[in-house]
There are 4 protein chains.
Amino acid sequence: MREACGVFGIYSFKDDSPFRDVYYGLFALQHRGQESAGIAVSNLEDVKVQKGMGLVNQVFNEQSINQLHGKIAIGHVRYSTTGSSNIENAQPILINSKYGPVALAHNGNLINTEDLRCELKERGLSFIGTSDSELIAALISTSDKSDIESAIIDMLNKIKGAYSLVILTKDSLIALRDPNGIRPLSIGKTENAYVFSSETCGFDIIGAHFIRDINNGELVIIKDNEMRSRIFSNDSREALCIFEFIYFARPDSIIHGRSLYESRVNMGKYLAKEHPVRADLVIPVPESGIPAAIGYADESGIPYGEGLIKNRYVGRTFIEPNQEMRSLGVRIKLNPIQDAVRGKKVIVVDDSIVRGTTSRQIVKLLKEAGASEVHMRVSSPKILNPCYYGIDTATRAELIAANLSLEGIAKYLDVDSLGYLSLNNLVKAVALPEKRFCLACFNDDYPVKVPEKMQSLKLFFK
Amino acid sequence: MREACGVFGIYSFKDDSPFRDVYYGLFALQHRGQESAGIAVSNLEDVKVQKGMGLVNQVFNEQSINQLHGKIAIGHVRYSTTGSSNIENAQPILINSKYGPVALAHNGNLINTEDLRCELKERGLSFIGTSDSELIAALISTSDKSDIESAIIDMLNKIKGAYSLVILTKDSLIALRDPNGIRPLSIGKTENAYVFSSETCGFDIIGAHFIRDINNGELVIIKDNEMRSRIFSNDSREALCIFEFIYFARPDSIIHGRSLYESRVNMGKYLAKEHPVRADLVIPVPESGIPAAIGYADESGIPYGEGLIKNRYVGRTFIEPNQEMRSLGVRIKLNPIQDAVRGKKVIVVDDSIVRGTTSRQIVKLLKEAGASEVHMRVSSPKILNPCYYGIDTATRAELIAANLSLEGIAKYLDVDSLGYLSLNNLVKAVALPEKRFCLACFNDDYPVKVPEKMQSLKLFFK
Amino acid sequence: MREACGVFGIYSFKDDSPFRDVYYGLFALQHRGQESAGIAVSNLEDVKVQKGMGLVNQVFNEQSINQLHGKIAIGHVRYSTTGSSNIENAQPILINSKYGPVALAHNGNLINTEDLRCELKERGLSFIGTSDSELIAALISTSDKSDIESAIIDMLNKIKGAYSLVILTKDSLIALRDPNGIRPLSIGKTENAYVFSSETCGFDIIGAHFIRDINNGELVIIKDNEMRSRIFSNDSREALCIFEFIYFARPDSIIHGRSLYESRVNMGKYLAKEHPVRADLVIPVPESGIPAAIGYADESGIPYGEGLIKNRYVGRTFIEPNQEMRSLGVRIKLNPIQDAVRGKKVIVVDDSIVRGTTSRQIVKLLKEAGASEVHMRVSSPKILNPCYYGIDTATRAELIAANLSLEGIAKYLDVDSLGYLSLNNLVKAVALPEKRFCLACFNDDYPVKVPEKMQSLKLFFK
Amino acid sequence: MREACGVFGIYSFKDDSPFRDVYYGLFALQHRGQESAGIAVSNLEDVKVQKGMGLVNQVFNEQSINQLHGKIAIGHVRYSTTGSSNIENAQPILINSKYGPVALAHNGNLINTEDLRCELKERGLSFIGTSDSELIAALISTSDKSDIESAIIDMLNKIKGAYSLVILTKDSLIALRDPNGIRPLSIGKTENAYVFSSETCGFDIIGAHFIRDINNGELVIIKDNEMRSRIFSNDSREALCIFEFIYFARPDSIIHGRSLYESRVNMGKYLAKEHPVRADLVIPVPESGIPAAIGYADESGIPYGEGLIKNRYVGRTFIEPNQEMRSLGVRIKLNPIQDAVRGKKVIVVDDSIVRGTTSRQIVKLLKEAGASEVHMRVSSPKILNPCYYGIDTATRAELIAANLSLEGIAKYLDVDSLGYLSLNNLVKAVALPEKRFCLACFNDDYPVKVPEKMQSLKLFFK
């Protein structure tokens, strides 16, 4: 399972050019996407954009500081499946429309793009890439409203799915979340500027303080140094993706007032209560399993330890391993600490299981390293349904939990016992009302109705 | 004065992938544009494009051969003024429209882009770059016709100015020239393929033979291995840019059955008849003045020689000279052969004079090298009017001949005598009817009416 | 404090080219150096090298596989101070000498280079870069011995300091450790090859099994598919750098039969016994402080948790923060989890303190995040003396513990209490005899006498 | 036949940093080598070098101006055969020796490198690349003299062959030519600096005036703002490579007071006298055959014209043509002007014939273009012997004139007649005493005895 994108926006009251702030903000959000990065800036006269493939510190250099001088800025980091990995899909996208220049950056996944794209093509529009952002920009520019704000509302009435957007015009900065608020987006403030960020860790790095989350169906606009809010949709329930709590967001971020770290530790504690087992050691699958493992250890009284070391230099441009190495599989990324697990009954905690392939290899690694028993504990429920709103997951056919019984999974993974956190306890761990979340991958209750044709597709979301 | 763009297209009957042919074709057309290069290819299923800044052999490498495998291909080399020099404007442009993927490459300059762009923006379209090609593509995709060919005709009814276009769809290749045929475009054939090229030198390099020029107002389409022709406009006179004969096209190319080289030699001969002078030596301003200087020498009986050596490695990324060097001016590109000109009466032949700045420096160089007399002869008439159809020339205020008398120019250039070829003799030298040419820069007779607002602009054409 | 270099070597019995193994081996050793990477390969006929600035997966690509085809190979990853950061100093170095081609890669730091360099210059040699490796290569090539092995012994009699070397000739692979064995180097084996690696994690990744550590003063040579050992020095005590145990080596590696991870957990346990304190939470400074923090928590019974999140994308080419951000300091790399520490008495465990600057900022971060008390615990003794054998440390004047009392340090760091692990307990934690280690930075007992002039230098080691 | 290298040196009296002058000087010498470029600079304290593969304007950028700030500088452009094309062999080479830093740049080819290299290896030196420069540097550093000047003399007593060298130390600039003066090197002066350049066109571009050529066996040293001369060898006859006059040097350069352009025009005139033929047109093989063709036309009274157009964008990184194109051969570089040659008796003038392959293809091109007769005239004698001093020529077995009679060559080339300039007339054309030249490739009289083993080698000179 991989991350979605990250967006960032800033509107400076003072003369300071906000480039550095966006740069560092994106750097803090880098875990949400490593494929491409981009920043668009307005100096109130015109709008410029720079984007490229790679990490934030590969795309920008000292020259960018001058080239992207301005007063308002947005930025984007992108995660993408290999298929559509190219510069045409990098964001922010910048267009020249009848409303003047408009730049936008998107985190999420629309579910009615095919229909919208067809309609627009029939109206005579054409597309250069395949990104949702280009489609969203086209929907704005084809509005018949006279002002950009109304044109954006027009567009919002057409698109369906998950979206947290930041939009830049020559003189304004707009941020909004879809009617269900599936992806997060927060408002912060420094002495000199208003700031938007997918996660609050983007505020911390530039010394901004958190003001509040944008609500589902809310659009916030900053213009002439003032911020206004507008509700564009209030007939939908909130449905924040629970996987932001389970896995996506950085543990030092805060969503809806809840610490990601604390929530995950709680998941581990409830997991220990639900699925206790006698063992010598609790270890995480690094890095995502760490807080839940800490929670499990704390609740169970079984010592916490490291059992697997992750190579922190794993990157994109990799020479393929040969046949012998491929059989070593996950070992390129993870190596067991033999002395830590040898002869021990080990509880290994991971945040989730999608296909089960990696988990199976991890169990094999631990047993080869001498673990006498391996008990797998998962700090989320069984994933039974695919996601259509922006997670790079799989078709139902590939989801191990959708196809095997608990015993079947345990056998496939070759574990001595297996336990998933219940949905009930997951929600308790986060300590927010269940109805505020999208839990569709667990309970099949999709907040936005998904077109039938989409359900049969092989899904690779971004 | 600098070159316009070059376009190339190929439709292969056989299984051979035409990539290499486009590559070499563009290489032969490289003199028409060095800023960016691009190739789009269809394998009948989908269309791919690769483009980049720089020369053909910098943009493509061995990997391109596999990435651009197909059956139909178009290519482009671009010259551009600095202002709009960026990858967004590189061609071919590729869009996904209701007609499927469409790629196109353009040589020329439209004169009603501003109005068209406004209209399209009002209809809801937006633009990423500033190139004519993106506009042309948008006009195709917004047609309400049911097939791509009719949509192209629709577009042709809207655009005004100079254009030679090659257009690629999934299964067809289209080439066409504007109603006046301002820019050249020819049809050739190999054993395996039909070929289009801005100049016939693009045929020679791949062993294709010339069939005929495309006519003004003619569209040629190849589909299902067959070529058809269609006249989309027949109410306009032909008006080929005479500067293709004076300067742009390579001397080994042939347009309208006339050898560029022979035409230029003839210009030199007529120039010798019109403006004879006693002298010891005829030298060209390399490289464009060579054929006319040869003609002048031949007609006058005065020996031909070299007097200025051009550094053939002059390129784009140049460290600025310091103050002392700047006073040396044109010497970085041109160096006089002192022993060849010292104590001699020298006739120096150039193809044209725009602002006069370079000519003045050349005269200074020759006098410092010891020439006792310098007689400037120009193988084209005085440039009195700006071009709006694709030459990077200047406003009227910058055109020296529009502002000074012959004596005034001679004095500014510090020459002992000065002679321009008459328009009458220029046409005789080319040996085609005068009415087949656009001679607007000499005689103010613009084949396409130019909007008034455009006439007042500072013009940088591409 | 930063890492030293990593070396790797492989001698294949079979026809398999060992390139991929070196590539992955270096990838596992990447934590020892990120500045440059290189691989040299012999196919028994000639030797080729490829090296470049950056990470292993930035320097090599698919083409390297063919270019570096062979039977024997060595590789290197380099850490360096900025001053000498350039391609001339990248390794392996490859020379053509009277013994034929010789490539070598070095981990460590010589202390008599200045004298040796002078002597060689007097003999007429010259140098292109400033690396120890170039000097070592020159000492080999200037030997008057008739064979390369004796020439290497000759060289070993001249150099002083810390060195673990792998050397490649046309038909042999040699590995050796200095008379004190200051840097580690181990022997491993796959079905097809002998392998040398700075750390055993380099064996795990390619499926090799560990055979033994090379001894101090031992040279191991593989030729004609056979391995021989030779003692070139046996009058010096073993003196392995204790910092390999404290910080350098990866926790999943094993040195002298001792697990790095277990040793570090033990350090934390002894630290808890020596410096107990009432508190709510034990947190590590990530990543190096994790095992000791786990040990501290386990021993003390105080819960273990995360309190600081490290941005895993911190890299080299960084846009400088502006003034406001600089005041945020370490926050770019580390961000506190407010909800985890707010209102709590926190024990923060780090592996060592050099200058104290970073520790001070971490304490400030935690207090601002609301920690009611911060107790710093350090899993190594006070660093009182500079290192001359390969650690990027500082002059004595910069070492905080060499200049302030315990109370002074605690005050500077603004902690509520401060405790260092005693030397005695450090050694107990590793569970190897004290005399097998170099502990000079703690106890001033340098295993190799350091020239006086060197002691007064500002030291930047690599 | 391809060019040798170019060297440049400058010593500034004033505070101006000479970087730009070297940059432009190398730019003027670019025709002598396009593989790599480099500049070394001393600011009297230390010496820095920057070098890279490619053209001068690809290797250096604005940053270089600051990085290479100083008072004394040397530069180099390199031509090389593919085999040894790599950055290790780029120049200037910079070493740190007992004499301090020494940088040097070399034009020429030594003939006793193998012996010298062996001797030095026996003494314990080793080599990183295969260039003569690295060897020359090693010979300097191994001298037992106490000062650098004497060490250079020492080195000069050992090396044999062709060399024009510029050498930079911390505080001096040295330039010298081998005892025979096989390669050119001249002294120039600006208001602010002394300048050395392989050709005088390097002076013209920076506004320096020519003072004199360095003599064979002369060393010129500039130190403390003063220039001294020293004869290090006076027992050898001068033997300037005649090919500098025939082909290498730029036509606007002057050597030994003789204009290259005038000399080549004279060669054409003598050629017309020696080998007259009735014809309609004299055309050059561009660009090297132009001046001789002008001379031939002038003398014979037959009109001069262009018949072949050379693509000026031919470069290094070229996609290989496919089979069909390969049969087109030289057409990628040269295209005939059909209308200029059709039905005509054409005299085609080239500067020399080495293997004959290209000439043969040119004749074929012209005949296919319709030339009724093709008469080949060569402005140099038959090349009968290989060159060992720096020209990229061929073994005797490959030299067409060494293996076929005049009739045989004419038949191979398929020309209607063939005429070579006689040695006697070549010398007359240059108008300098025959004994001042190396004419070995024509008359087997090698000024420096060539080792027998070298004579049997396949030679690729640089």
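All values reported here derive from a predicted model rather than from experimental measurement.

### Quick notes on the overall build of chain A
Within chain A one finds 17 helices and 23 strands. Relative to a compact globule of 462 residues, whose C-alpha radius of gyration would be 23 Å, chain A shows 23 Å and is just as compact. If one aligns the C-alpha atoms of chain A with their principal axes, the spans along those axes are about 70 × 45 × 45 Å. Relative to its 462 residues, chain A shows a buried fraction of 59%. Within chain A, counting contacts between residues at least 6 apart in sequence, those at least 24 apart form 72% of the total.

### So, the arrangement of the chains
Chain B shows no contact with chain C. Their nearest C-alpha atoms sit 12 Å apart. Separated in space, chain A and chain D share no contact, their closest pair of C-alpha atoms being 13 Å apart.

### Quick word on the UniProt feature "binding site: [4Fe-4S] cluster" (unreviewed entry) in chain A
Residues and elements named next belong to chain A. The UniProt entry lists Cys241, Cys387, Cys438 and Cys441 under the feature "binding site: [4Fe-4S] cluster" (unreviewed entry), expressed in the numbering used here. A maximum C-alpha distance of 10.0 Å places the annotated residues, which cover 201 residues in sequence, within one compact spot. If you trace the backbone, cysteine 241 turns up in strand β14 (residues 240-241). Overall, cysteine 241 belongs to the buried group, with 28 C-beta atoms counted inside 10 Å. Among residues more than four places away in sequence, those in contact with cysteine 241 are Ile182, Arg183, Tyr389 and Cys438. For cysteine 441, a count of 28 C-beta atoms within 10 Å translates into the label buried.

### Some points on unusual backbone geometry
Residue and element names in this part refer to chain A. Following glutamine 91, the chain continues into proline 92 via a peptide bond in cis, with omega recorded as 0 degrees. Counting through the fold element by element, proline 92 comes out in the loop between β4 (72-78) and β5 (93-97). Cis geometry marks the peptide bond from proline 286 to glutamate 287, where omega comes out at -5 degrees. With respect to the helices and strands, glutamate 287 occurs in the loop between β17 (281-284) and α10 (290-300).

### Examining the domain arrangement of chain A
Parsing chain A into structural domains produces domain 1 (6-239) and domain 2 (262-312 + 329-432). The centre of domain 1 of chain A, based on its C-alpha atoms, is set 35 Å off from the matching centre of domain 2 of chain A.

### Things to note about the relation of the copies chain C and chain A
Of the transformation superimposing chain C on chain A, the axial component is 0.1 Å and the angular component is 180 degrees, with the fit at an RMSD of 0.0 Å. Expressed as a symmetry operation, the mapping of one chain copy onto the other fits a two-fold axis. When you check the interface residues of chain C against chain A, 100% turn up at the interface there too, and the contact is symmetric in its surfaces.

### What about the sheet that holds strand β1 (residues 6-12) of chain D?
Residue and element names in this part refer to chain D. One open sheet holds the seven strands; their spatial order is β3-β2-β4-β1-β10-β9-β11, and the pairing between them is antiparallel. What marks the edges here is a single partner per strand, and that holds for β3 (47-53) and β11 (209-213). On average, adjacent strands in this sheet sit at an angle of 15 degrees to one another, irrespective of strand direction. Note that β1 and strand β10 (residues 193-197) share five bridges and pair antiparallel. Within β10, the position partnered with tyrosine 11 by the bridge is tyrosine 194.

### Looking at the interface of chain C and chain A
Between chain C and chain A, the residue contacts involve 50 residues of the former and 51 residues of the latter. Mapped by element, the contributors of at least two residues to the side of chain C that touches chain A are α1 (19-28), α3 (62-67), α7 (201-204), α9 (260-274), α10 (290-300), α11 (323-328), β19 (334-336) and α12 (338-341) of chain C. Tallied by class, the residues present in the side of chain C that touches chain A amount to 28 nonpolar, ten polar and twelve charged.

### Examining the sheet that holds strand β13 (residues 226-231) of chain C
All names here are of chain C. An order of β5-β6-β7-β8-β12-β13 is seen for the six strands of this open sheet, with the pairing classed as antiparallel. The outermost strands of the open sheet, each flanked by one partner alone, are β5 (93-97) and β13. Neighbouring strand axes in the sheet, compared pairwise and without regard to direction, differ in orientation by 20 degrees on average. Across six bridges, the pairing between strand β12 (residues 218-223) and β13 is antiparallel. Looking at β13, one finds that isoleucine 222 is bridged to methionine 227.

### As for the interface of chain C and chain D
Contacts between the two partners involve 16 residues from chain C, matched on the other side by 16 residues from chain D. Among the secondary structure elements, those contributing two or more residues to the side of chain C that touches chain D are β5, α4 (113-122) and α5 (132-141) of chain C. When its residues are assigned to classes, the side of chain C that touches chain D shows six nonpolar, seven polar and three charged.

### Side note on the packing of helix α9 (residues 260-274) of chain B against helix α16 (residues 423-430) of chain B
Residues and elements named next belong to chain B. Orientation of α9 relative to α16, taken along the N-to-C sense of each, is 145 degrees, at an axis distance of 8 Å. The hand of the α9/α16 crossing is right-handed. Residues Ser263, Asn266, Met267, Tyr270 and Glu274 of α9 form the contact with α16, whose participating residues are Asn425, Leu426, Lys428, Ala429 and Val430. For the contact of α9 with α16, the class distribution of residues is five nonpolar, three polar and two charged.

### Section: the confidence of the model for chain A
Per-residue confidence for chain A gives a mean pLDDT of 91; residues scoring 70 or more make up 92%. Counting contacts from residues 457-462 of chain A, a segment whose pLDDT is below 50, to residues more than four positions away or on other chains yields 20 contacts.

### Things to note about the pairing of β12 of chain C
Residue and element names in this part refer to chain C. Here five bridges tie strand β8 (residues 172-177) to β12, and the two strands are oriented antiparallel to one another. Paired with leucine 176 across the bridge in β12 is leucine 219. Where β12 folds back onto β13 in an antiparallel hairpin, the turn is made up of two residues, including aspartate 224, whose phi is positive at roughly 50 degrees.

### Some thoughts on helix α10 (residues 290-300) of chain B
The periodicity of an α-helix, 3.6 residues per turn, causes residues three or four positions apart to be oriented the same way. Residues and elements named next belong to chain B. Judged by how many residues are buried, α10 sits mostly within the fold: nine of eleven residues are covered. Looking at the buried positions of α10, the neighbouring elements they touch are α9, β17 (281-284), β20 (345-350) and β21 (373-378). Positive phi appears at glycine 301, one or two residues downstream of α10, with a value of about 80 degrees.

### Details of the environment of isoleucine 128 of chain B
Note that isoleucine 128 of chain B resides in the loop between α4 (113-122) and α5 (132-141). Spatially, the C-alpha atom of isoleucine 128 of chain B lies 8.9 Å from that of asparagine 89 of chain B, the residues being 39 residues apart in sequence. Every residue in contact with isoleucine 128 of chain B, bar those within four places of it in the chain, is listed here: Ile95 and Ile128 of chain A together with Glu88 and Glu134 of chain B.

### Some remarks on the environment of proline 251 of chain D
Within the fold, proline 251 of chain D resides in the loop between α8 (243-248) and β15 (254-255). Given 22 C-beta atoms within a 10 Å radius, proline 251 of chain D is considered buried. Sequence separation between proline 251 of chain D and leucine 365 of chain D is 114 residues; the distance between their C-alpha atoms is 27 Å. If we skip the residues at most four places from it in the chain, proline 251 of chain D touches Glu306, Ile309 and Ile337 of chain B together with Leu260, Tyr261, Arg264 and Pro291 of chain D.

### What about helix α1 (residues 19-28) of chain B?
Most of α1 of chain B is tucked away, with ten of its ten residues classed as buried. Turning to α1 of chain B, its buried residues are Phe19, Arg20, Asp21, Val22, Tyr23, Tyr24, Gly25, Leu26, Phe27 and Ala28 of chain B.

### What to know about the environment of glycine 305 of chain A
Examined against the element boundaries, glycine 305 of chain A turns out to sit in the loop between α10 and β18 (308-310). Judged by the 26 C-beta atoms lying within 10 Å of it, glycine 305 of chain A is buried. On a C-alpha basis, the gap between glycine 305 of chain A and aspartate 280 of chain A in space is 9.9 Å, while along the polypeptide they are 25 residues apart. Beyond its immediate stretch of four places on either side in the chain, glycine 305 of chain A contacts Leu281, Ile283 and Ala340 of chain A together with Ile294 of chain C.

Analysis parameters
- Residues numbered from 1 in each chain as written.
- Chains lettered and ligands numbered in written order.
- Predicted model: local features only at pLDDT ≥ 70, side-chain atom pairs only at ≥ 80, totals over all residues.
- Helix = DSSP H or I, 4+ residues; strand = E, 2+ residues; numbered from the N terminus.
- Rg over C-alpha atoms; globule rule 2.2 N^0.38 Å.
- Buried ≥ 20, exposed ≤ 12 C-beta atoms within 10 Å, placed from the backbone.
- Contact = placed C-beta atoms within 7 Å.
- UniProt positions renumbered as here; feature names shortened; annotations may be inferred.
- Domains from an automatic or database assignment.
- Least-squares fit on C-alpha atoms with pLDDT ≥ 70 in both.
- Pairing = 2+ DSSP bridges.
- Axes fitted to C-alpha atoms, helices over the stretch in contact; angles between N-to-C directions.
- Nonpolar A, V, L, I, M, F, W, Y, C, P; charged D, E, K, R; others polar.
- Left-handed = near helix turned anticlockwise from the far one by under 90°.
- pLDDT = per-residue confidence, 0-100.

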